Amino acid sequence: MTGFGTTLRAAQLERLGASITRDIDEALYDGMAVGIRVAGRTVFQASYGFADRRSGRRLGTSDVFAVLSFTKAFTALGIFQAIERGALSLGTRVAEILPGFGTNGKQKVTIAQLLAHTGGMPFTLPGLSAELQGNLRATVELACQIAPVNPPGEVVSYSAQVSYDVLGRVIEVLDPQGRPYRQIITEDIFQPLGMANSAIGAAPGLASLRVPIVARNETPMNLGLMARDAAMTEASELPGGGGYASLDDMLRFVAMLEAGGTLDGTHVVSPAALALATTNHTGLRPNNTLAAQREMRGLAPYPAYLGLGFFLRGEGLFPMPFGHLASAATFGCIGAGSMVFWCDPKRRLSAVFLSSGLMDQVDSHLRFQRLSDMVHAALSPSGAVGEAP
């Protein structure tokens, strides 16, 4: 069988752009920034449509998006950095670091369980008011009071906020310099990677570049994200979803992942940590959070394929934002209804999609499945000539 090359077919990239433009014209979403990397190089960048359709502002590749659950990957790397310092292990019980957490059936919940969404934490935090959104210490104090919604370690149930807010507080408590979470991520991940247009919280210096969250599909979740985004401040800390980054910056982050935790000679995290983080830690268990949407669409349960801070492609045919054509080893992150990045280490192919205009979650998965498959199909066979974009 012919192998995969290191160039992209220009005609296929034109089809990709045409498909995105057609989606935007049909108001499925408002805009999209796309970056593709092959064999360690960024070979394609483009932006389509609007940063804000309401004002007519066009989207540029330097614009800054609320990257939502991409933030979980930043938080996961912060945990692995603490592990590399010897401050904790994946088997450490959260209550050993945050004693207040060890109540109401959470006494044995481990760091690894929170990372893999098997710690029994709810999707969102009951009783969290809009005023407390972004107040990390107050949020975690509230999380300490709740009981698990599933037996820890038994059920896979994606926790959009709670698990990673707790992990963010763990990072703070263990920091030898006593820095707040947002400063730790900035100084230990963004700055070493040269991610100059990235931040935790709504940094004033990025205000003119920010792409506002607008609910194209007005589900309660999307409207809530829209309201939360409008209220974000420089001090807001949401380790599960409060990060901001540009396309260029996310491509630098992806380049670091491709290289095993370093970029331009700067170490961020070890290859051993990334290898473990991008391994399946949930077996064939389904993601319980999607049960209602699966049933509504007539889909049989399918494996969650979660690592530690990352989603995995795995095997099988089911809604998969990384594309059905991706190799089983592909890993990445998904941001609620609006964005995806993935790395296919087998084919040395990676992509970042950042969109404006929030869609329904499953519709967004299917949108990115379609677009990701188009990217995978653009990769030329080995030995092809004259096909560089």
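Just so it is clear, the model here is predicted, and its values are computed rather than measured.

Participant: Describe the pairing of strand β13 (residues 339-344), and please don't skip the residues or the numbers.
Facilitator: Judged by how many residues are buried, β13 sits mostly within the fold: six of six residues are covered. On β13, burial covers both faces: M339, F341 and C343 on one face and V340, W342 and D344 on the other are all buried. Pairing of strand β12 (residues 331-335) with β13 involves five bridges; the strand directions are antiparallel. Looking across to β13, one finds that F331 is bridged to C343. Here β12 folds back onto β13, and the loop between the two strands holds three residues, one of which, G337, carries a positive phi near 60 degrees. Relative to strand β14 (residues 349-356), β13 runs antiparallel, the two sharing six bridges.

Participant: Could you give me a rundown of the layout of surface pockets, with the residues and numbers involved?
Facilitator: Estimated volume of the largest pocket: approximately 890 Å³. Together, 44 residues line the largest pocket, and F123, Y158, A160, M221 and A336 are the ones closest to its centre. Among the elements of the structure, α8 (220-231), β11 (311-312), β12 and α12 (361-378) are those that each provide at least two residues to the lining of the largest pocket. Per-class residue counts for the lining of the largest pocket are 27 nonpolar, 15 polar and two charged. Roughly 210 Å³ of volume is contained in the second largest pocket. Residue lining of the second largest pocket: 15 residues in total, with E258, A259, P345, R348 and S350 positioned closest to the centre. At the level of elements, α9 (247-258), β13 and β14 are the ones that each hand at least two residues to the lining of the second largest pocket. With three residues, the top contributor of residues to the lining of the second largest pocket is α9. By residue class, the composition of the lining of the second largest pocket is eight nonpolar, three polar and four charged.

Participant: Would you mind going over the packing of aromatic side chains in detail, with residue names and values included?
Facilitator: Counted according to the given criterion, the structure contains ten aromatic pairs. Between the aromatic rings of F74 and F190, the centroid separation amounts to 5.1 Å while the plane-to-plane angle is 90 degrees, which identifies the pairing as edge-to-face. You can see F74 sitting in helix α2 (residues 71-84) and its partner F190 sitting in helix α7 (residues 181-190), a full 116 residues away along the chain. The exposure class of F74 is buried, given its relative accessible area of 0%. Of the residues examined, F190 reaches a relative accessible area of 1% and is grouped as buried. Measuring from centroid to centroid gives 5.1 Å for F74 and F253, while their planes differ by 85 degrees, and the two rings are edge-to-face. Within this pair, whereas F74 is found in helix α2, its partner F253 is found in helix α9, the two being separated by 179 residues in sequence.

Participant: Help me get a handle on the state of the cysteines, residues and values and all.
Facilitator: Summed over all chains, the structure comprises zero disulfides. Unpaired in terms of disulfides, C343 finds its nearest cysteine sulfur in C333, a separation of 9.1 Å. Among the residues examined, C343 registers a relative accessible area of 3% and is labelled buried.

Participant: Which residues make up the environment of L247, and what values do they have?
Facilitator: Its place among the elements puts L247 in helix α9. For L247, a relative accessible area of 0% translates into the label buried. In sequence terms L247 and T233 are 14 residues apart; their C-alpha atoms lie 21 Å from each other. Sequence-distant contacts of L247, defined by excluding residues within four places in its chain, comprise A33, V34, G35, Q45, A46, T61, D63, V352 and L354.

Participant: Tell me what's going on with the nonpolar core, and back it up with residues and numbers.
Facilitator: In this structure, I36, F74, I111, F253 and F341 are the most contacted members of the largest nonpolar core, which totals 115 residues. When residues in this core are grouped by element, the largest group, eight residues, is from α9. In contact with I111, not counting residues within four places along its chain, are I79, L88, S89, L90, T92, V94, I97, L167 and V170. In terms of nonpolar packing, the next biggest core, distinct from the first, is built from 13 residues, L206, M232, L238 and L358 among them.

Participant: Describe the side chain of T110, and please don't skip the residues or the numbers.
Facilitator: Summarising the element assignment, T110 is placed in the loop between α3 (94-97) and α4 (111-115). In this structure T110 comes out as buried when scored by relative accessible area, which is 14%. Ignoring anything within four residues of it in the chain, the contact list for T110 reads L90, G91, T92, R93 and V94.

Participant: Requested: an account of the sheet that holds strand β3 (residues 41-52), with residues and values cited.
Facilitator: Strand order in the open sheet made by the seven strands is β4-β3-β2-β14-β13-β12-β11, with antiparallel pairing throughout. In this open sheet, the two strands that pair with only one neighbour each are β4 (57-58) and β11. As paired strands, strand β2 (residues 31-38) and β14 are joined by eight bridges and run antiparallel to one another. In the sheet register, R37 faces β14, and the bridge partner there is S350.

Conventions adopted
All chains use their own residue numbering, which begins from 1 and follows the written sequence. At least 70 in pLDDT is required for a residue's local features to be given in this predicted model, at least 80 for side-chain atom pairs to be given and counted, and no such filter applies to totals for whole chains, interfaces and linings, which use all residues. Hydrogens and water molecules were not included; the side-chain quantities draw on all heavy atoms of the structure. Buried residues are those whose accessible area, probed at 1.4 Å on protein chains only, stays under 20% of the maximum for their type, while exposed residues exceed 50% and partly exposed ones sit between those limits. Working definition: helices are DSSP H or I runs of at least four residues, strands are E runs of at least two. Numbering for both runs from the N terminus. Any two strands with at least two DSSP bridges between them are considered paired. For each structure, a 1 Å grid was placed over the protein atoms alone; sets of points admitting a 1.4 Å probe that cannot get out are labelled cavities, open sets with protein on both sides within 12 Å along at least five of seven lines are labelled pockets, and lining residues have an atom within 4 Å of a point. Grid points are joined across faces, edges and corners, and a volume is the space filled by probe spheres set on the points. Polarity classes work like this: nonpolar for Ala, Val, Leu, Ile, Met, Phe, Trp, Tyr, Cys and Pro, charged for Asp, Glu, Lys and Arg, and polar for all others, with Gly in that last group. Centre distance within 6.5 Å is the pairing criterion for rings of Phe, Tyr and Trp, where only the six-membered ring of Trp is used; planes under 30 degrees apart are then read as stacked, over 60 as edge-to-face, and the remainder as tilted. Any pair of cysteine sulfurs within 2.5 Å is marked as a disulfide. Any two residues whose heavy atoms approach within 4.5 Å at even a single point are treated as in contact. Here the nonpolar core consists of buried residues drawn from Ala, Val, Leu, Ile, Met, Phe, Trp, Tyr and Cys, with membership extended through side-chain atoms lying within 4.5 Å.

Bear in mind that shape data such as this cannot, by itself, settle questions of function.
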